[in-house]
Amino acid sequence: MSLSFIRVVLVATTHAGNIGATARAMKNMGLTQLVLVNPKHLLPNPEASARASGADDLLQNALTVNTLEEALTGCHIVLGTSARERQIPWPLLNPREAAQKAIESTINNQQVAFVFGREHAGLTNEELQQCNYHIHIPSDEVFSSLNVAAAVQVITYETRMAWLETKPLEKATSDKTADQPCTHDELERFYKHLEQLLVTIKFLDPTQPKHLMTRIRKLYGKAQLSKVEMNILRGILTETEKSLRK
Ligand code: SAH
């Protein structure tokens, strides 16, 4: 499963700056495959590079083709974006649902395309019908059309979020010791240690403990301490005891 299985296809873009801004939006979210279908300005282009500001590698590696069919070669799932409702009803997703679908597909090693239309006219009905799903960003109805690179940013952000949600599992298995939660008995030993110190410094009167230790248990219980954090706390207690003895 990887974000590299997902391509962004820009159809007949008329402003080179939008191609650069798209590259930047993609690179920020970890996507790398940019495909241009019949753009008005071919790359390299100074305005595109200026707006890419650091995402030039995506522009250099961008593929330029003549037709949408070519851009979609090898794709298993195609998601086309549209700023407005079209006459022909099509399976419609919001960006979050679309991102979920895209990530699920990459998990199965499938290639995914998000398709974006022309600045002035969007995608044609014919182009939209080449897509498995349509995506509409739920913008305000009276002003529904986003700049194409802004639309790319929304979709790629949601894609990254959906991808990141698949990560905690990997993270948990990769953190061998450092960030593991401390165990119940480690916590109990800490409470005992802390209690002794609190008695020593007379913060806790054993004849009149009130609910101090209960409150402390509640406090540290909420913190869900890791082993590393527990070591720090135990270290502080030990050093405090040492300096009291001096
Ligand atoms: N006048 C055009 C707007 C095109 S905006 C139209 O009505 O279709 C350029 C591209 O940005 C669109 O083709 C689409 O890819 C994307 N886009 C803009 N606003 C969007 C929205 N609300 N939802 C999904 N995609 C959007």
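Given the structure is predicted, the values throughout are model-derived calculations rather than measurements. (Residues numbered from 1 in each chain as written. Predicted model: local features only at pLDDT ≥ 70, side-chain atom pairs only at ≥ 80, totals over all residues. Heavy atoms only, no water.)

1. Overview of the side chain of E127
Stated precisely, the cut-off is as follows: Note on conventions: DSSP H or I runs of at least 4 residues are helices, E runs of at least 2 residues are strands, and numbering of each starts at the N terminus. Any N or O atom pair separated by 3.5 Å or less is treated as a polar contact, with the protein-specific requirement of one donor-capable and one acceptor-capable atom, and with residues adjacent in sequence counted only for side-chain atom pairs. In what follows, a contact means two residues having at least one pair of non-hydrogen atoms within 4.5 Å.
Considering the arrangement of structural elements, one finds E127 in helix α6 (residues 125–128). Here R118 takes part through its side chain, which lies 2.8 Å from a polar atom of the side chain of E127. At a separation of 2.8 Å, a polar atom in the side chain of E127 contacts the main-chain amide nitrogen of T124. Not counting the four nearest positions on each side in its chain, E127 is found in contact with V11, L68 and R118.

2. Focus: the nonpolar core
The following threshold applies: The criterion is simple. A nonpolar core is a set of buried Ala, Val, Leu, Ile, Met, Phe, Trp, Tyr and Cys residues joined through side-chain atoms within 4.5 Å. Buried residues are those whose accessible area, probed at 1.4 Å on protein chains only, stays under 20% of the maximum for their type, while exposed residues exceed 50% and partly exposed ones sit between those limits.
Counting residues in each nonpolar core, the largest one holds 37 residues, and the members touching the most others are I6, V8, L10, L34, L79, F114 and F116. Residue contributions to this core peak at six residues, all from helix α7 (residues 148–165). Among all residues touching L34, those that are not within four sequence positions of it are V8, L10, I19, T22, A23, M26, L59, A62 and L63. In this structure, A71, C75, V78 and A113 belong to the second largest nonpolar core, which totals 16 residues.

3. Describing the packing of helix α9 (residues 184–200) against helix α10 (residues 212–223)
Geometry of a packed helix pair, given as the angle between the helix axes and the separation of the axes. Which entries qualify depends on this criterion: Lines fitted to C-alpha atoms define the axes here, with helix axes fitted over just the stretch in contact, and angles between the N-to-C directions of these axes take values from 0 to 180 degrees. Roughly parallel refers to an angle under 35 degrees, roughly antiparallel to one over 145, roughly perpendicular to one between 65 and 115, and oblique to any angle outside these ranges. Crossing chirality is assigned from the near helix's rotation relative to the far helix, an anticlockwise turn below a right angle marking it left-handed and a clockwise turn marking it right-handed. For this scheme, ten residues count as nonpolar: Ala, Val, Leu, Ile, Met, Phe, Trp, Tyr, Cys and Pro. Four count as charged, namely Asp, Glu, Lys and Arg, and the remainder, Gly too, count as polar.
With their axes 11 Å apart at the nearest point, α9 and α10 run at an angle of 135 degrees to one another. In terms of their interaxial angle, α9 and α10 are classed as oblique. Like other packed secondary-structure pairs, α9 and α10 cross with a definite hand, here right-handed. For the pair formed by α9 and α10, the contact residues are E188, F190, Y191, L194, E195 and L198 on the first element and L212, M213, I216, R217, Y220 and G221 on the second. Residues of the contact of α9 with α10, tallied by class, amount to eight nonpolar, one polar and three charged.

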